[in-house]
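Analysis of the macromolecular model
The chain contents come next:
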Amino acid sequence: MTVVIDQAEKDRHAALRHPEKARRPDSPVLRKPEWIRVKAPMGRAYSQTETIVREHGLHTVCEEAGCPNIGECWTHRHATMMIMGDTCTRACAFCNVKTGLPDALDVEEPKRVAEAVARLGLKHVVVTSVDRDDLADGGAEHFADTIDAIHAASPGTTVEVLTPDFRGKAGAIETVMAARPDVFNHNLETVPRLYLTIRPGARYYISLRLLERAKEIVPGGFTKSGLMVGLGESREEIMQVMDDLRAAGVDFLTIGQYLQPTRKHAPLERFWSPDEFKALEATARAKGFLMVSATPLTRSSYHADSDFAQLKAARAAPEG
């Protein structure tokens, strides 16, 4: 059966989700190479995961960001929880999450997330969020409440958080780390030169300092960050970001291919080949990261459970 995608309808839907992008000029959406193709979501396990998410009234970044790996992950009952609503206060040029004025925080959400994690039987869960610049602490306490709720409902589940930068608000990172997430993740996303066009609401060195501060607060904890390629960055710029992350004590680096959601999003400059990703991984490992995942389809929470096991093993392994 041939599936026909109506790009015009897709763009009209996007205009409702991203009103700030509506006046931007169209950019062509490049045809994906063979190594980017993924299977359509289907199967009983996928449907069960979807049902649990719906029954608990939760949002997932898998759906909101249009992740290409949703079929594989949900088939294995791995869903990345997105807390604090489905509406982001920022308008990053690469992101497919809806932007606008968010609703008030739902104080029952941490409990519902924990219940869903228990029903899914997750050994490792990733919790992320939209940016909430409207909140005094950027949502840090809500993250802490969610971590605490998961620990209470599923004591054997390890928790990885992928947080926003909290705009560098005083005490925010301290609040999150006090709840003892097993992995603290914050994505730099791209190289410093591209921040004003790709992440206009963020600042590179604020993000870098957040990662460094997380490691200072819990020296024995794991920190993680991610990059996209295909936005016009150079290999040399990526090397510099790797060095900056190592200087900040980051343990785990993910690198994936940027995929342009609509014509109004940041244009995709090029697809990096699988061999180029292998070279990036080799370079990152040589720079001292404990764990590196660099493939076209790598995303921050993709294979996060098995990657966490490898991360712990890498730290425990004797040097030699």
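Preceding this paragraph is the structure being described.
Summarised in this report is the structure supplied together with it.

Focus on the overall build of the protein
In terms of helices and strands, the protein carries 12 helices and 10 strands. Considering the protein as a whole, with its 320 residues, one finds that 51% of them fall into the buried category. Across the protein, contacts joining residues at least 24 apart in sequence account for 76% of those joining residues at least 6 apart. When the accessible surface of the protein is summed, it comes to about 14,800 Å², and 55% of that surface belongs to carbon and sulfur atoms.

Description of the pairing of strand S5 (residues 124-129)
Among the six residues in S5, six count as buried, and that is most of the element. On S5, burial covers both faces: His 124, Val 126 and Thr 128 on one face and Val 125, Val 127 and Ser 129 on the other are all buried. Where strand S2 (residues 81-83) meets S5, three bridges bridge the pair, whose relative direction is parallel. Paired with Met 82 across the strands is Thr 128, a residue of S5. Across five bridges, the pairing between S5 and strand S6 (residues 158-162) is parallel. Looking at the pairing, Thr 128 lines up with Leu 162 of S6. Assessed by its sense of winding, the connection that carries the chain from S5 through helix H6 (residues 140-153) to S6 is right-handed.

A word on the pattern of salt bridges
Evaluated as defined, the whole model comprises 19 salt bridges. A salt bridge links Lys 287 to Asp 243, with the shortest nitrogen-to-oxygen separation between them at 2.8 Å. Separated by 44 residues along the polypeptide, Lys 287 in the loop between helix H11 (274-286) and strand S10 (291-294) and Asp 243 in helix H10 (residues 235-247) bring together distant segments of the chain. On the accessibility criterion, Lys 287 (28% relative accessible area) is partly exposed.

So, the packing of aromatic side chains
Under the counting rule described, the total for this entry stands at four aromatic pairs. Here the aromatic rings of Tyr 195 and Tyr 204 are separated by 5.6 Å at their centres, their planes lie at 90°, and the arrangement is edge-to-face. Each member of the pair, Tyr 195 together with Tyr 204, is buried. Taken together, a centroid distance of 5.9 Å and an interplanar angle of 90° make the contact between Phe 222 and Phe 308 edge-to-face. Remark: Phe 308 occurs in helix H12 (residues 304-316) and Phe 222 occurs in strand S8 (residues 222-229); sequence separation between them is 86 residues. In this pair, the class of Phe 222 matches that of Phe 308, namely buried. An aromatic cluster is defined as three or more aromatic residues linked by ring pairs; in this entry it consists of Tyr 195, Tyr 204 and Tyr 205. One cation-aromatic arrangement involves Arg 270 over Trp 272; the distance from NZ or CZ to the ring centre is 4.3 Å. Lying across the ring of Phe 222, Arg 315 places its NZ or CZ 3.9 Å from the centre.

Some words on the nonpolar core
In terms of nonpolar packing, the biggest core is built from 76 residues, with Met 81, Phe 184, Leu 188, Ile 238, Met 242 and Leu 245 touching the most fellow members. Ranked by residue count, the leading element in this core is H6, at six residues.

With respect to the packing of helix H5 (residues 109-120) against H6
Axis separation between H5 and H6 bottoms out at 8 Å; the angle between their running directions is 35°. You can see that H5 and H6 cross each other, and the crossing is right-handed. In this structure, H5 contributes Glu 109, Pro 110, Lys 111, Val 113, Ala 114, Val 117 and Ala 118 to the contact, and H6 contributes His 142, Asp 145, Thr 146, Ala 149, Ile 150 and Ala 153. Considered class by class, the residues forming the contact of H5 with H6 number eight nonpolar, two polar and three charged.

Description of H12
With 13 residues, H12 should reach 18 Å at 1.5 Å per residue; the first-to-last C-alpha distance of 18 Å fits that figure. Of the residues making up H12, those classed as buried are Ala 304, Asp 307, Phe 308 and Leu 311. Looking straight down H12, one finds that the buried residues subtend no more than 105° of arc, so they occupy a single side. Where the residues of H12 are buried, they touch S5, S6, strand S7 (183-185), S8, strand S9 (252-257) and S10.

Concerning the sheet that holds S10
With mixed pairing, the eight strands of this open sheet are ordered in space as S1-S2-S5-S6-S7-S8-S9-S10. The sheet is open, and its two edges are formed by strand S1 (59-60) and S10, each paired on a single side. Two strands pair when backbone bridges link them, and S7 and S8 are joined in this way by three bridges, in the parallel orientation. Considered in S8, the bridge of Phe 184 is made with Thr 223.

Here's the deal with the packing of helix H9 (residues 204-217) against H10
Remark: H9 packs on H10, axes separated minimally by 9 Å, with the N-to-C direction vectors making an angle of 35°. Contacts between H9 and H10 involve Tyr 204, Leu 208, Leu 211 and Glu 212 from the first element and Val 241, Asp 244, Leu 245 and Ala 247 from the second. Residues that form the contact of H9 with H10 fall into these classes: six nonpolar, no polar and two charged.

Calculation notes
- Residues numbered from 1 in each chain as written.
- Predicted model: local features only at pLDDT ≥ 70, side-chain atom pairs only at ≥ 80, totals over all residues.
- Heavy atoms only, no water.
- Helix = DSSP H or I, 4+ residues; strand = E, 2+ residues; numbered from the N terminus.
- Buried < 20%, exposed > 50% of the residue type's maximum accessible area, 1.4 Å probe, protein only.
- Contact = heavy atoms within 4.5 Å.
- Areas by Shrake-Rupley, 256 points an atom, 1.4 Å probe, with all protein chains shown as cover.
- Pairing = 2+ DSSP bridges.
- Right-handed = clockwise from strand over helix to strand, strands pointing away.
- Salt bridge = Lys/Arg side-chain N within 4 Å of Asp/Glu carboxyl O.
- Phe/Tyr/Trp six-rings, centres within 6.5 Å; stacked < 30°, edge-to-face > 60°.
- Lys NZ or Arg CZ within 6 Å of the ring centre and 35° of its normal.
- Core = buried A, V, L, I, M, F, W, Y, C linked by side-chain atoms within 4.5 Å.
- Axes fitted to C-alpha atoms, helices over the stretch in contact; angles between N-to-C directions.
- Left-handed = near helix turned anticlockwise from the far one by under 90°.
- Nonpolar A, V, L, I, M, F, W, Y, C, P; charged D, E, K, R; others polar.
- Expected span 1.5 Å × (residues − 1).
- Arc of directions from axis to C-beta.

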